[in-house]
Amino acid sequence: MYDFAYHRPKSLADAVATLKGKEEARPMSGGMTLIPTLKQRLAKPSDVVDLGGIAELAGIKVAGDVVTIGAMTKHYDVSVSPDVKKIIPALADLAGHIGDPAVRNRGTMGGSVANSDPAADYPAAVVALNATITTNTGKHPADGFFKGLFETALKDGELITAISFPKPEKAAYMKFPNPASRYAMVGVFVAKTKDGVRVAVTGAGSAVFRVKAMEDALSKNFTSAAIKDIKIPATDLNSDIHGSAEYRAHLVGVMARRAVDAANK
Amino acid sequence: MEIKGEYKIAAPRDKVFAALNDQAILQACIPGCETLEKLSDTEMTAKVRLRIGPVSAGFSGKVTLSDIDPPNGYKISGEGQGGVAGFAKGGAVVKLTEDAGETLLSYEVDAQVGGKIAQVGARLIQGTAKKLADQFFGKFAESVGAPPPVAAA
């Protein structure tokens, strides 16, 4: 690890002020990606601004049919929250299968969403449930937020404060995890909402993406049989030592059908 | 690992080929390029700083042009040392074809990464290489042709 200045502000305003004007300063939420990167000396920030001391950023609130989860809420807390389990059980289930217990007790929703790792689980939920991402400067709709590999609509110095998920009629998330890291080789989140069906895929491309053909078919007939003939092109999908693009394309179909079946249970 | 793509550039082929050999244009289009100095007509040294997600690494290395066949294309290769981060090398075979007064640029990238970056980032290397190739050729197509490309494959 290279030397850096460590800050632990108590308020969001302090955090934003500390980051301001420092080009090489990095905010840190759970540190589940940043700390390993620092330990490997693959990054050399001048300052690390730890958001862990900001009480206003953690916690789960319910208003009507909308669950709002603070950016610093840990995966474990989402997975056991009675409110999340009652209103969006698929989201609690997803959170309970991220990484391993250590990651779930340190990693945060805001960190995962801001990082936009191509194999992270939360981005699939954010897109499929048509969530709204609130930051210190404004709000972002889920569509268009995830721009590519580790790239989001967030500007430098912009911090996620909370993410609001409207309650779906039905939803489920199914992933094929890498057995070592538990990252999604492919994960598919299917949600039947009042505005139609949304299908979001993570792990397969450079960032989470929606599958329009499946959404159209499922909007007419919400059964796994309705999408059994829909093939996903392997072009532009990820290919690595764990699986080829063709394999991932196949998995998208399998995970999507399993998710629809699970949502219908 | 191989990555392919195609860009349509609204400029004649001779002009596109000249731009592919123009140091100032290359420097402007290579993602994260801080300096690019010409050693000869086919060799340059470069300093590149890449920031992808949590990783931020500086590379210094060599850029070589070979298999030069004006105005049909060439091969551009780069090789860099990133200190403790590891090393990266890669090349792109670039082909230019005429298409009704415009130029179709197609490329095929082959990249290798070693050292620490490869160990911790194995699952991300292809996505990263594709993103960098798209940034380079996208910006190149934009700066050489006007208006910007109609289709990026």
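Structural data are supplied above this passage.
Since the model is a prediction, treat every value here as computed from it, not as a measurement. (Residues numbered from 1 in each chain as written. Chains lettered and ligands numbered in written order. Predicted model: local features only at pLDDT ≥ 70, side-chain atom pairs only at ≥ 80, totals over all residues.)

K.L.:
What am I meant to see in the interface of chain A and chain B here?
P.N.:
The interface is formed by 21 residues belonging to chain A together with 17 residues belonging to chain B. Sort the elements by how many residues they give to the side of chain A that touches chain B and helix 2 (residues 34–39) of chain A lands first, with three residues. Each residue belonging to the side of chain A that touches chain B can be placed in one class, and the counts come to nine nonpolar, nine polar and three charged. (Contact = placed C-beta atoms within 7 Å. Helix = DSSP H or I, 4+ residues; strand = E, 2+ residues; numbered from the N terminus. Nonpolar A, V, L, I, M, F, W, Y, C, P; charged D, E, K, R; others polar.)

K.L.:
What am I meant to see in the sheet that holds strand 10 (residues 160–166) of chain A here?
P.N.:
Sheet strands line up and pair through hydrogen bonds in the backbone, either parallel or antiparallel. All names here are of chain A. A sheet is described by the order of its strands in space; here five strands give the open sequence 4-5-10-6-7, paired in antiparallel fashion. The open sheet has two edge strands with one neighbour each: strand 4 (60–63) and strand 7 (139–141). Going across the sheet, the axis of each strand differs from the next one's by a mean of 20 degrees, ignoring polarity. The pairing of strand 4 with strand 5 (residues 66–70) spans four bridges and is antiparallel. Bridge pairing in strand 5 links A63 to V66. (Pairing = 2+ DSSP bridges. Axes fitted to C-alpha atoms, helices over the stretch in contact; angles between N-to-C directions.)

K.L.:
I tried to follow unusual backbone geometry on my own but got confused; where do I start?
P.N.:
What is expected of a backbone is that most residues other than glycine have negative phi and most peptide bonds are trans. Backbone torsion omega between P70 of chain B and P71 of chain B reads -5 degrees, so that peptide bond is classified as cis. With respect to the helices, strands and loops of the structure, P71 of chain B is situated in the loop between strand 4 (55–69) and strand 5 (73–81). The backbone phi angle of R182 of chain A is positive, close to 65 degrees, even though this residue is not glycine. Considering the arrangement of structural elements, one finds R182 of chain A in the loop between strand 11 (170–177) and strand 12 (184–193). Residue classification places R182 of chain A among the partly exposed residues on the basis of 16 C-beta atoms within 10 Å. Residues other than glycine seldom take positive phi values, yet A100 of chain B does so here, at roughly 50 degrees. Residue classification places A100 of chain B among the exposed positions, given that 6 C-beta atoms sit within 10 Å. (Buried ≥ 20, exposed ≤ 12 C-beta atoms within 10 Å, placed from the backbone.)

K.L.:
Would you mind going over the environment of D110 of chain B with me for this structure?
P.N.:
Residues and elements named next belong to chain B. Examined against the element boundaries, D110 turns out to sit in strand 7 (residues 102–114). The partly exposed category is assigned to D110, around which 15 C-beta atoms lie within 10 Å. Residues D110 and K89, spaced 21 residues apart in sequence, show a C-alpha to C-alpha distance of 8.6 Å. The residues touching D110, leaving out its near neighbours within four places in the chain, are E2, G90 and G91.

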